[in-house]
Amino acid sequence: MADNEDQSSKTEEPTDRKLQKLRDDGQVPRSREVNSFFALLGALLLIGLVLPWQLTEVMNLTGAVLSQTGDLGGDDAGGLLGFVMQKALIAAIPGFILLVFLALFGSMVQTGGLLMSTKPIEPKLSKIALDKGFKRLFSLKSLMEFLKSFFKLAVLGVTLYAILYYFREEFLLLADKNVAATVILVWKIVLIMIAVAMVFMFVIAVIDYMYQRFEFMKEQKMSRKEIKDEMKDSEGDPHIKARQRQIMRERAQQRMMQDVPGADVVITNPTHYSVALQYDQEKSPAPIVVAKGVDAVALRIRTVAKEHNVPLYEDPPLARQLYADVEIGEIIPVDLYQTVAQVIAFVYRQKKKVG
C-alpha cells in the first residue's frame, strides 16, 4: 500500500538534472525494434551493394587458383592459401565496417549522440535476485514484449510467404536455368523480402520507440518532495543560502560604511533614508552614490558621517529618489544633476564659512 501511495505521488515530470544523471548512467529510452531496423538496413546494403563485389572477387580468385593448381608444389600451395585468406579477409572488411557503422548510428539515433557508460554492465545483486527476476519475467511489460514479438513474426511470416508465392512460377522454371540465373533470381527475391521487411520494421520501430520513451518518462516521474530535495542538493539548503545572503549583505554594508567618511554629503529623509554622495571632478562627471540605506542602516550612515564631519543635508524627496533610482557605485541620473549640484554647492559654501 505504501509503494502504491508513493508511486501515486510521483506526478511531476522528471527534471533536466535527473534526466542528465540517468543519461550519464547509461539509462535512456531504447527500442530493440530500432536496432532491428538498422540491422535489416545493413543486410539490404550488404546484399545489394557489397555482396556482388564480394562474389566477383571470390569468382576471380577461384578462377586464378584453379588455373594454377596443377603447377603448384608444397611451398607454393601454402603461399597460395595465405593469399586466398588475405583476399577473403579484404573482401569481408567493407561488410564488417558497414554493420559496425549502422549499429553505432542506430544507437546514436535513440540516445541523441554517442553515449559511453559502463554503469549498465556493472555487476549488481539486484540483477540476479530471484524475486525481482520472476517479477520481470511475468510482468505486464514482458507480456507486451511477447505479444509484440509474436505479432511482428506473424506479419513478417505472412508477408514473406506472399512474396514467395508471387514468384512461385519462376521457382518452377529454375530447373531449366543455369546457375547464374538462379543466383540472380534468389538475390532479387531476397532483396525484395528485406526491403518489404524494412518498411514494416520502420513503422514498428517508430511506434515502439515512442512507446518506450513514454514508458521511460512515466517511470522517471518525480514527487514534489523529490524535486525539492533535488533543489536542496543542487542549490544548497534554503536556510544556509539565507544565512549566506545575510553574511554577504553584512559585508557589503561594512564596505559601504568604510566609504562614508570620504563622502562629500549625506542626504537624509531625515530619519528613514540616508544617501551618501561623493564628487570628484577628476574621476567622474557627476556625484556618485557611495552608500545608502533605510531605517537602521540609514541611522548608521548618519552616525558615521557625524563622526567624520561629513555634512548632513535634509531633503526627503531627493533622498527617497536617490535611494530608489541609483545603486551604490553609480553616477546620479542626468535629471538630478541640477538639484544635486545645488546641494554640493551649498555644502562647499558651508565648508568655506567654517574654514
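Residues numbered from 1 in each chain as written. Predicted model: local features only at pLDDT ≥ 70, side-chain atom pairs only at ≥ 80, totals over all residues. Heavy atoms only, no water.

Peer 1: Run through the side chain of K152, naming residues and quoting values.
Peer 2: Within the element layout of this structure, K152 appears in helix 7 (residues 140–166). Overall, the relative accessible area of 14% leaves K152 in the buried class. Here K152 is in contact with E33, F200 and M201, once residues within four sequence places are set aside. (Helix = DSSP H or I, 4+ residues; strand = E, 2+ residues; numbered from the N terminus. Buried < 20%, exposed > 50% of the residue type's maximum accessible area, 1.4 Å probe, protein only. Contact = heavy atoms within 4.5 Å.)

Peer 1: Help me get a handle on the packing of aromatic side chains, residues and values and all.
Peer 2: Within the structure shown, the criterion is met by eight aromatic pairs. Note on F101 and F105: the rings are 6.1 Å apart at their centroids and 15 degrees apart in plane angle, and the pair reads as stacked. Here F105 and F101 lie together in helix 4 (residues 74–111), a separation of four residues that amounts to about one turn. On the accessibility criterion, F105 (39% relative accessible area) is partly exposed. The interplanar angle of 25 degrees and the centroid separation of 6.3 Å between the aromatic rings of Y161 and Y165 together place this pair among those described as stacked. (Phe/Tyr/Trp six-rings, centres within 6.5 Å; stacked < 30°, edge-to-face > 60°.)

Peer 1: So what's going on with the pattern of salt bridges? Residues and values would help.
Peer 2: Applying the stated criterion across every chain yields a total of four salt bridges. A salt bridge links K152 to E33, with the shortest nitrogen-to-oxygen separation between them at 2.9 Å. Of the two residues, K152 is situated in helix 7 and E33 in helix 3 (residues 32–68); the sequence distance between them amounts to 119 residues. For the residue pair K152 and E33, the accessibility class agrees, reading buried in each case. One salt bridge connects E327 with K292, and the closest N-O pair in it is separated by 3.8 Å. Here E327, found in the loop between helix 13 (316–325) and helix 14 (337–354), pairs with K292, found in strand 3 (residues 288–294); they are 35 residues apart in sequence, far enough to count as distant. The exposure class assigned to K292 is buried, which follows from its relative accessible area of 12%. (Salt bridge = Lys/Arg side-chain N within 4 Å of Asp/Glu carboxyl O.)

Peer 1: Can you tell me about the sheet that holds strand 1 (residues 265–268), naming the residues and giving the values?
Peer 2: Sheet architecture is open: four strands sit in the order 3-2-1-4, paired in mixed fashion. Only two strands of the sheet have a single partner each, and these edge strands are strand 3 and strand 4 (312–314). Strand-to-strand twist of the sheet, defined as the mean angle between neighbouring strand axes without regard to direction, takes the value 20 degrees. As paired elements, strand 1 and strand 2 (residues 273–278) share four bridges and run antiparallel to each other. Paired with V266 across the strands is A276, a residue of strand 2. Where helix 12 (residues 296–307) meets the sheet, its contacts fall on strand 1, strand 2, strand 3 and strand 4, and the angle it forms with strand 3 comes to roughly 130 degrees. (Pairing = 2+ DSSP bridges. Axes fitted to C-alpha atoms, helices over the stretch in contact; angles between N-to-C directions.)

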